[in-house]
Every structure is written in structure tokens, then in C-alpha cells.
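The primary structure of each chain is shown beneath.
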Amino acid sequence: MASILNKIFDFNKRELKRLEKIADKIEALAPDMKKLSDEALRRKTDEFKERLEKGETLDDLLVEAFAVVREASRRVLGLYPFRVQLMGGVVLHDGNIAEMKTGEGKTLTSTMPVYLNALEGKGVHVITVNDYLARRDATEMGKIYEFLGLTVGLNLHDMTREEKQAAYQADITYGTNNEFGFDYLRDNMVLYKEQMVQRPLNYAIIDEVDSILIDEARTPLIISGSAKKSTQLYMQANAFVKTLKIDKDYTVDEKTKSVQLTEEGITKAEKAFGIDNLFDISHVTLNHHINQALRANVIMQRDVDYVVQDGEIIIVDQFTGRLMKGRRYSDGLHQAIEAKEGVEIQNESMTMATITFQNYFRMYKKLAGMTGTAKTEEEEFRNIYNMNVYVIPTNKPVIREDRPDLIYKTMEGKFRAVVKDIEERHRKGQPVLVGTVAIETSELVSQLLKRKGIPHNVLNAKNHAREAEIIAQAGQKGAVTIATNMAGRGTDIKLGEGVKELGGLAVIGTERHESRRIDNQLRGRSGRQGDPGVTQFYLSMEDELMRRFGSDNMKAMMERLGMDDSQPIQSKMVSRAVESAQKRVEGNNFDARKQLLQYDDVIRQQREIIYKQRFEVIDSDNLREIVEKMIKTVIERHVNSFAPVEENPENWNLEGLIQYLDANLLHPGDIKVSDLSNLEPEAIIEKIFEKVLERYNEKEELLGPEKMREFEKVILLRTVDTKWIDHIDAMDQLRQGIHLRAYGQTDPLREYQTEGYAMFENMIESIEEDVAKYIMKAEIVNNLKREEVAKGQAVMPNSSGEKPKRKPIRKKVKVGRNDPCPCGSGKKYKNCHGRFES
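Here the structure is a predicted model, which means the values were calculated and not measured. (Residues numbered from 1 in each chain as written. Predicted model: local features only at pLDDT ≥ 70, side-chain atom pairs only at ≥ 80, totals over all residues. Heavy atoms only, no water.)

Novice: I'd love a proper account of the pairing of strand 3 (residues 152-155), names of residues and values included.
Specialist: Where strand 3 and strand 4 (residues 172-176) come together, four bridges link them in parallel fashion. Across the sheet, the residue bridging to Asn155 is Gly175, located in strand 4. Handedness of the crossover is the feature at issue here: the chain leaves strand 3, passes through helix 9 (residues 161-169), returns alongside strand 4, and the resulting connection is right-handed. (Pairing = 2+ DSSP bridges. Helix = DSSP H or I, 4+ residues; strand = E, 2+ residues; numbered from the N terminus. Right-handed = clockwise from strand over helix to strand, strands pointing away.)

This is the structure:
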């Protein structure tokens, strides 16, 4: 183990030596850069671009370009990057992760690789965790880029398509991870090429990279369309669930956050809804509604998972504590919460497009990131994103005091101690930042402080609009700030006058987060740039993390020792137990992300094929060749079905083939059985195709080439979009039930891959069939135009990252298994399209 650690440290040490040599070269150019006039410094940008055109690489320009940005930063912002920031910049340019402690100036560090990579003119994306930071950095750092002659764009949620296009056309574009991901999905749903906003994905630097690529990687981005359903059942299920009693009618597992009806609960449900068997196939919808109502009432907590504002349920981001307006939990969970809270119930949704952050960011040609805490997740960064983590030393030594945890028997005792600590520090004027895991905790601490008459600011999802202002004041003398776990991430707390003498900023944690990195983020708010500071976590045996991972023995021990609530224990054993609980949760979360990625990789390959072909459709001026190929494939498939080569021609069903052609591709009488009787299958295909092309030409003559080209596009887009949305929905359902295959000793992932591939092949065939039929048979009205298959909006998957099973709504005629297949193949339904139904 020690040798592995030594290798890791040697690896980091070796890299630091290389970075120091590059930093020496950059620093050596400082005097030359200082002598240049503003205009001469600005002209360097054009010079670099010319050198790139002549064959030099970005690596060749690195030393000089970094020196130029460094000097520009001094002139424009009055900030001069330190040596360690130059080193961090090189790590980012190489497509790796720079771990730099809070207050070390990550934002300024990024300006150098951003400028260098923007010289290529292919676009650089700087990704931040929220709109405020995107706007702040684009405005502040944008001054350097604009001084050097580059353009800067800002990509925000409420922008028009034209504003977004302008933002993406800029050399450097700032925005949030969600916005870039949703723009990618929306771009692949547009009807005209001119409506796309993004350029090909080139280079991205992600700020707070661990938050975006690790914490948020479990929740895929989803664009959802509305599927109209009755809201009555949500209300009935909610009313029923409210009559149930815990442990008697249902059980809750705190570790997995799941809730289950007991036998007694099932009997109650059957009685309440007047049915014999809740698990009968005809009651799937009711069962689903009851389960979601249970989750809404038992698992989902108001002011923790969501808030109610202006008659709406608004999700609270579990990682940042911010409100996520316009997002909805999927699969009826949002509606169940609406029923629980008595607000208006909105329509359920259907997935139209989805992608995970892992797969979105892996599409960039080069990806880099920066954060204060990434080393613990280095394996994941290397395996999934092919990025190494390098720890950059601090500019000045860290002198902050991180005190051992204080553990209390009950929550009440813990909060009493927290308030006492705050009161004492506030009395001497030392600023205090109190970190909480949930909104309700921040409000509880606030109430306790109000009783003591201690003035303070509360920073949580309910008032995040004032976030920057509150955080900026948090280091002033006597300031007390209560913040949910990661509020203020990315913003610096500067110490007010006389605060250093009082011991710097005191950070008090009221609970351990399930991720050690987030605790470290909170600690890192204090002691920046060599400032003094102190951090202290207060825990209780009743905290969620302690409860989930067995604190009963410890609590019993405290009681045996006769310890009361005023006596904390500082035990290495407890601290180790907490850390091991955190490691277990982190391990579980890593497994969840890995599994999500494995399953998403199946749909990723399919998504790339569809999106590539879809782009070809909207980009192409003439689709006739593509349509002809589809029609030929359809003809071949049906001829092989009705007149198989391996069968005796006497057994061929040419009647059935003619019926199919008359119904789908040709006019009745165009081809007769006698025309095909003595031909080989190859010749039959050619004869039919010839006749189809004849009809195709007639149609084109009638419409005119221009209208015919647009007609082809309309048909192809409509068909591809409809089938793809249905396919995503079907894949989603397949995934919900696939884990049950494990009971049959089969690997669910392999089954998902195999069946997903078969379903995709089936979808492609279905697209070809529909395109061929509509091109040949559809009548064209004058108002020919491309239309969206459904209106989409961004939604948030439910908090556990998994989606309960949902049945799609499809209107279709029920076909018996032994009836003729409605496609006209002449085969029985079970031997034709029915074989694709599970």
C-alpha cells in the first residue's frame, strides 16, 4: 500500500517539477512583456493566430501566450498570476484537473489556457456551477480577453435562440453545465439547421469539476414532452396513503430511501379501491400511483428536497442547495408531491431526449477541470474522463486549524453547543460561517440565534438571489452567516479589517455530509491565502449519516457511561466510524454512477447514430438518394419475406406481396402476380423498384423538385423523431424491469445491451417502412411544413437517480397473435412484428 502511495506522490512530484520548468520560462518573459505598449500586447493575438496557421501548435505558443495573458491581467484587473497559478494553467491546457485550494485564484488561473485554446477559433467553453458565477466570470475575466482582441459570450437559461447563437459564436463562452447539456439535446431536436446554437464541441474547462462530473453525474439531463393523464388518480392515491401507518401498513428503509407496502397495507389498498388484487396487470397504473404517493409523503421532505412557492413545487438541488425552477421530477413523482401539498397538479411527462453529464462532456475534443477537492476521486476521473488530478501547492502555507469533531448524544445537545460557540465568537467579533446540510437545519439554527438576539444572514435555496452579497460580507467583523452545504461555492470570503487578529473566519459544520469532499469544501472557505482560521464540526448520534450507518452501539455506550447532552466526546474511533460511513456512501455513489454510465453507453451509441443521421437530413439539400435507399431496403425485406430464396417458388405468397405493394408503395394494378411469376427474387426486387421510381418521378413532376425535396425532409424528420421518442421511452421501461433478470441467473446489463440492440434495429426498420409508405402514399397539402413531434421542456429526474416503471400511452388496435400482421406481410402477427413485443 505504501509503495502505491509513494508512486502516486512521485507521479505528482515529477509532474510538479515539469510544471516548475515551464513556469520558469513564462516568468523569464515578464520583463519583455512589461516593455510592450497596450497596442503591441494586443497585436500578439494576431501574431499567434498567424503562427498557428503556418503550422505551429498550441504547445509551441504556450509559454509566450501565458506571459501575454499574465501581463494583460496586471494591466486590466490589477491581478498578477502567481507562479502556482501558471503551473495550474499548464495542467488545464494539458486536459487534466488542477486541484487548487480555495482562495488560490482558480478563476484567474483558467484565463491563460482559455486564451491559448481560443486562438484556434473553434470555441472554448468555461463551465460553472451556477448562473451567478458564469455572469461574474464572463464580466470580470472577459475584460482580459477583450483587451487582447477576443470575443466573450454568456449562455444563460432565459436567452432567446438568437442570443444563444451569438454566445456560442464567441471565442470564449461561459455558462452552466445544465445549460450546455440541454442546448446539445435541443440542437438535436431542431427542424432547421439555422436553429442550432452550438458549434462542434472543442475544449471545455469545468470549474468545481468534482461537483459537476461526480456529484451531478448520477442525474441525467432529460427533455420531456407532456403526456396527458387524469389528475384524479393522484389525488385518490394521496388521500389513501395519508390513512396509512408506518411499520403497520408500510416500511421505510433509510439506507436506500425506499418505502414498501406491507401485506396489511396491500389489503387496505384493495379494500379502498374496491379491487381483488393490487398486483393484477390491469392495476399497474394504480399500483404505480400508490407507490409514488408513498414516496412523496414519506421520503420526499418539504424544505429539504423541494419548496412550495407561489403554488408550485420547486426542486431543491441536493448538491448546491439552490432552487431549480422549471425542472420537474419525472414519472409522476412531481404530480404526487403536488397532490400531497394541495397545489395544482400538472401533466405527467414523457422522455424525448436524455444524456448523462459523463457522456456529454466526453464528447469534447479536450476537457479540463479545477477544484479544491478532487484527489479522492482521481480513479474515477482517470477511468471515465481520461483526466489526471495534479495537486498544485498553495501560494502561502495553510495555517488554518481544523479541530477534531465534537460528538453529542442528541441533536438538541448538539445545537445548544453550536449556538453557544457562535455566541462566544460573535461576542469577540470573530466572523462565523455555519454550514448545514438541509434548508430546515439552516432555519432551525436561525431561530435559535434569533432567540439569543444574534444578528445573522441565512443563505439557502429560498434566498439564493442575494448569495453573492451575503457571501462577500461573511468575512466582516461580527458577521454570522448560515449557509446550506455548498452555497457560496466558487465565491471568495475576504476577511474584514482586524479579523485576522481575532483568529480569522470560523467555520462551524452542524452535520457531516455524505461526501468528504463537500465537508472539505466547507472547511476550505476559511484560511485562504495564508489567512488564519478555524473549523469545527458538531455531530450527534441522531444525525442522518450516523443513523444510516449504525450509531446505536455508540449511543448505548454513552448512556452506560452516564454522559449527558452537555458532554461531547472527541473520539478518534467515532471520527473513523464517520469517515468509513462516508467512504461507504461514496463507494455506493461511485457504483451508481458507473452503472448509470454502462446503461447510458448502450443508448449513447444509438443516440450518436440517430443524431448524426438527423443532422445529415437537416443539412442536406437533396434527400432523394437516402429515401430511395430506404425504399429499396423495404422492398428487399418484403420480397425476402413473401418469396424467400430458400423456398420453392410454388410456395411463395405473391398475392400477399401484391397486396402489400398496393397498400403501401404503388397504385393498385401497377404490378400483377403474373408480372412476377417467373422471376427470381433479385429480378422481382428490381422490377418493383423500377415501378416505384416511376411513381416517384411522377410525384416529383407534379409537385416540382423544390417542394418534393422539402416533402422528403418533412417525412423523414417527423418519422425519425416520433420513432426515436418512442424508442427512448421503451428503452427506459426496459431498463426499469431488467434488474429482475438477475433472478434468472442472467446478467441484466448484457440482456439490456442485447435487447436494446434488437429494439434499435426494429426501430430503424420501422423508420424505413414509414418513410417509404408516406413518401409514396401521402397526399401533399399546400401548407407543407416541418413540425415538432412534441413540445419539450427540461426536467429533473427523481432524487434517487432511478425512475419507477411507467407505461407509455400508445393508441393502437389490438392485434391477435394469430391474426395477419397489419403491416401487410401476409405472415401471422406473432411471426412478424409481434415478435418484437415482450
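Novice: Before we move on, could you go through the sheet that holds strand 1 (residues 97-99) and cite the residues and values that matter?
Specialist: Sheets are built from strands paired through backbone hydrogen bonds, the pairs being either parallel or antiparallel. Reading across the sheet, the seven strands line up as 3-4-2-5-13-1-14 and stay open at both edges, with parallel pairing between neighbours. Looking at strand neighbours, the two that pair on one side only are strand 3 and strand 14 (389-391), the edges of this open sheet. Each adjacent strand pair in this sheet contributes to an overall mean axis angle of 20°, direction not counted. Of the strands in this sheet, strand 2 (124-128), strand 3, strand 4 and strand 5 (203-207) are in contact with helix 7 (residues 131-140), which crosses strand 4 at around 160°. Helix 10 (residues 177-187) contacts strand 2, strand 3 and strand 4 of the sheet and is inclined by roughly 105° relative to strand 4. (Axes fitted to C-alpha atoms, helices over the stretch in contact; angles between N-to-C directions. Contact = heavy atoms within 4.5 Å.)

Novice: So, helix 10: which residues are in play, and what are the values?
Specialist: In terms of burial, helix 10 is largely enclosed, as ten of its eleven residues are buried. Within helix 10 the residues assigned to the buried category are Asn177, Asn178, Glu179, Phe180, Gly181, Phe182, Asp183, Tyr184, Leu185 and Asp187. (Buried < 20%, exposed > 50% of the residue type's maximum accessible area, 1.4 Å probe, protein only.)

Novice: Would you mind going over the pairing of strand 20 (residues 505-509) in detail, with residue names and values included?
Specialist: For strand 20, a buried count of five out of five residues is recorded, marking the element as mostly surrounded by other parts of the structure. Judged by which residues are buried, strand 20 turns out to be covered on both faces: Leu505, Val507 and Gly509 on one side and Ala506 and Ile508 on the other are all buried. Looking at chain direction, strand 17 (residues 432-436) and strand 20 are connected through four bridges and run parallel. Bridge pairing links Val432 to Ala506 in strand 20. Taking the sense of rotation as the criterion, the β-α-β connection linking strand 20, helix 21 (residues 516-523) and strand 21 (residues 533-540) turns out right-handed.

Novice: Account for the sheet that holds strand 10 (residues 312-316), naming residues and giving values.
Specialist: Taken in spatial order, the three strands make up an open sheet running 9-10-11, and their pairing is antiparallel. Of all strands in the sheet, those with a lone pairing partner are strand 9 (306-309) and strand 11 (323-324), marking the two edges. Relative to strand 10, strand 9 is paired through four bridges, and the arrangement is antiparallel. Across the sheet, residue Tyr306 finds its bridge partner in strand 10, namely Ile315. Against the sheet, helix 15 (residues 333-341) touches strand 9 and strand 10, its axis set at about 125° to strand 10.

Novice: Before we move on, can you summarise the pattern of salt bridges with the specific residues and values?
Specialist: Going through the model one piece at a time under the given rule, you end up with 58 salt bridges. Notably, a salt bridge pairs Asp183 with Lys164, separated by 3.0 Å at the nearest N-O pair. In this pair, Asp183 sits in helix 10 while Lys164 sits in helix 9, placing the two residues 19 residues apart along the sequence. By relative accessible area, Lys164 is classed as buried at 5%. A salt bridge links Lys612 to Glu616; the nearest nitrogen and oxygen atoms lie 3.7 Å apart. Here Glu616 and Lys612 lie together in helix 24 (residues 572-619), a separation of four residues that amounts to about one turn. Taking the relative accessible area as the measure of exposure, Glu616 reaches 37% and is therefore partly exposed. The network of salt bridges with common partners includes Lys44, Glu47, Arg51, Glu56 and Glu64. (Salt bridge = Lys/Arg side-chain N within 4 Å of Asp/Glu carboxyl O.)

Novice: Outline the packing of aromatic side chains, supporting the account with residue identities and numerical values.
Specialist: All told, the structure shown has 13 aromatic pairs when counted by the stated rule. Measuring from centroid to centroid gives 5.7 Å for Tyr184 and Tyr360, while their planes differ by 55°, and the two rings are tilted. Linking Tyr184 in helix 10 with Tyr360 in helix 16 (residues 357-361), this pair joins segments that are 176 residues apart in sequence. Like Tyr360, Tyr184 is buried. Here Phe381 and Tyr385 contribute two aromatic rings whose centre-to-centre distance is 6.3 Å and whose plane-to-plane angle is 45°, an arrangement assigned as tilted. Of the two residues, Phe381 and Tyr385 are both situated in helix 17 (residues 378-385); the distance of four residues between them amounts to about one turn of the helix. (Phe/Tyr/Trp six-rings, centres within 6.5 Å; stacked < 30°, edge-to-face > 60°.)

Novice: Please set out helix 17 residue by residue, giving values where relevant.
Specialist: Looking at helix 17, one finds that the buried residues are Glu378, Glu380, Phe381, Ile384 and Tyr385. Taken around the axis of helix 17, the buried residues stretch over an arc of 165°, which confines them to a single face. Opposite the buried face of helix 17, at more than 90 degrees from it, the exposed residues are Glu379 and Asn383. In the stretch just after helix 17, Asn386 is the one whose phi turns positive, near 60°. (Arc of directions from axis to C-beta.)

Novice: Can you break down the confidence of the model for the chain residue by residue, with the values?
Specialist: Mean pLDDT for the chain: 83, with 83% of residues reaching 70 or above. In this model residues 796-814 is a low-confidence stretch, pLDDT under 50, and it forms 58 contacts with partners more than four residues away in sequence or in other chains. (pLDDT = per-residue confidence, 0-100.)

Novice: Describe a positive patch on the surface, naming the residues involved and giving the relevant values.
Specialist: A contiguous patch of positive charge on the surface is contributed by Lys13, Lys17, Lys21 and Lys25. Assignment of secondary structure puts Lys21 in helix 1 (residues 2-28). (Patch = residues over 30% accessible without salt bridge, like charges linked within 9 Å, V, L, I, M, F, W, Y side chains within 5 Å. Areas by Shrake-Rupley, 256 points an atom, 1.4 Å probe, with all protein chains shown as cover. Lys, Arg positive; Asp, Glu negative; His and termini not counted. Charge placed at Lys NZ, Arg CZ, Asp CG, Glu CD.)

Novice: Talk me through the side chain of Asn359; I want residue IDs and the actual numbers.
Specialist: Within the fold, Asn359 resides in helix 16. One polar contact links Asn359 to Asp600, side chain to side chain, over a distance of 2.6 Å. Of the polar contacts made by the side chain of Asn359, one reaches the side chain of Asp601; its length is 3.5 Å. Sequence-distant contacts of Asn359, defined by excluding residues within four places in its chain, comprise Leu597, Asp600, Asp601, Arg604 and Arg607. (Polar contact = N/O pair within 3.5 Å; in protein donor to acceptor, adjacent residues only side chain to side chain.)

Novice: Describe the nonpolar core, with residues and values.
Specialist: Within soluble globular proteins, side chains that are nonpolar generally end up buried alongside one another. With 91 residues, the main nonpolar core has Leu213, Phe361 and Phe381 as its most contacted residues. For this core, the leading source of residues is helix 29 (residues 705-738), giving eleven residues. If we ignore the near neighbours within four places in the chain, the residues touching Phe361 are Ile127, Asn177, Ile206, Ile212, Leu213 and Leu367. Counting residues in hydrophobic clusters, the runner-up holds 54 residues, among them Met33, Leu62, Ala72 and Tyr203. (Core = buried A, V, L, I, M, F, W, Y, C linked by side-chain atoms within 4.5 Å.)

Novice: Quick one: what's the story with the environment of Glu423, residue by residue and with numbers?
Specialist: Among the secondary structure elements, Glu423 is positioned in helix 18 (residues 411-428). Residues Glu423 and Lys452, spaced 29 residues apart in sequence, show a C-alpha to C-alpha distance of 8.1 Å. Among residues more than four places away in sequence, those in contact with Glu423 are Lys452 and Ile454.

Novice: Outline the side chain of Gln358, listing residues and values.
Specialist: Mapped onto the elements, Gln358 comes out in helix 16. Among the residues examined, Gln358 registers a relative accessible area of 0% and is labelled buried. Polar side-chain contacts of Gln358 include one of 3.3 Å to the backbone oxygen of Arg593. Leave out the neighbours within four places in its chain, and Gln358 touches Ala217, Ile384, Tyr385, Arg593, Leu596 and Leu597.

Novice: Mind laying out the packing of helix 12 (residues 232-241) against helix 15, listing which residues take part and the relevant values?
Specialist: Look at helix 12 against helix 15: their axes get within 9 Å of each other, and the N-to-C directions meet at 60°. Taken together, the axes of helix 12 and helix 15 lie oblique to each other. The chirality of how helix 12 crosses helix 15 is right-handed. Residues Tyr234, Met235 and Asn238 of helix 12 lie in contact with helix 15, whose contacting residues are Gln335, Ala336, Ala339 and Lys340. Residue composition of the contact of helix 12 with helix 15, by class: four nonpolar, two polar and one charged. (Parallel < 35°, antiparallel > 145°, perpendicular 65-115°, else oblique. Left-handed = near helix turned anticlockwise from the far one by under 90°. Nonpolar A, V, L, I, M, F, W, Y, C, P; charged D, E, K, R; others polar.)

Novice: Can you explain the environment of Thr109? Please cite residues and give values.
Specialist: When you line up the elements, Thr109 lands in helix 6 (residues 106-118). Under the relative-accessibility criterion, Thr109 is labelled buried at 0%. C-alpha separation for the pair Thr109 and Phe82, spaced 27 residues apart in sequence, amounts to 8.9 Å. Not counting the four nearest positions on each side in its chain, Thr109 is found in contact with Gln85, Gly88, Gly89, Leu92 and Met100.

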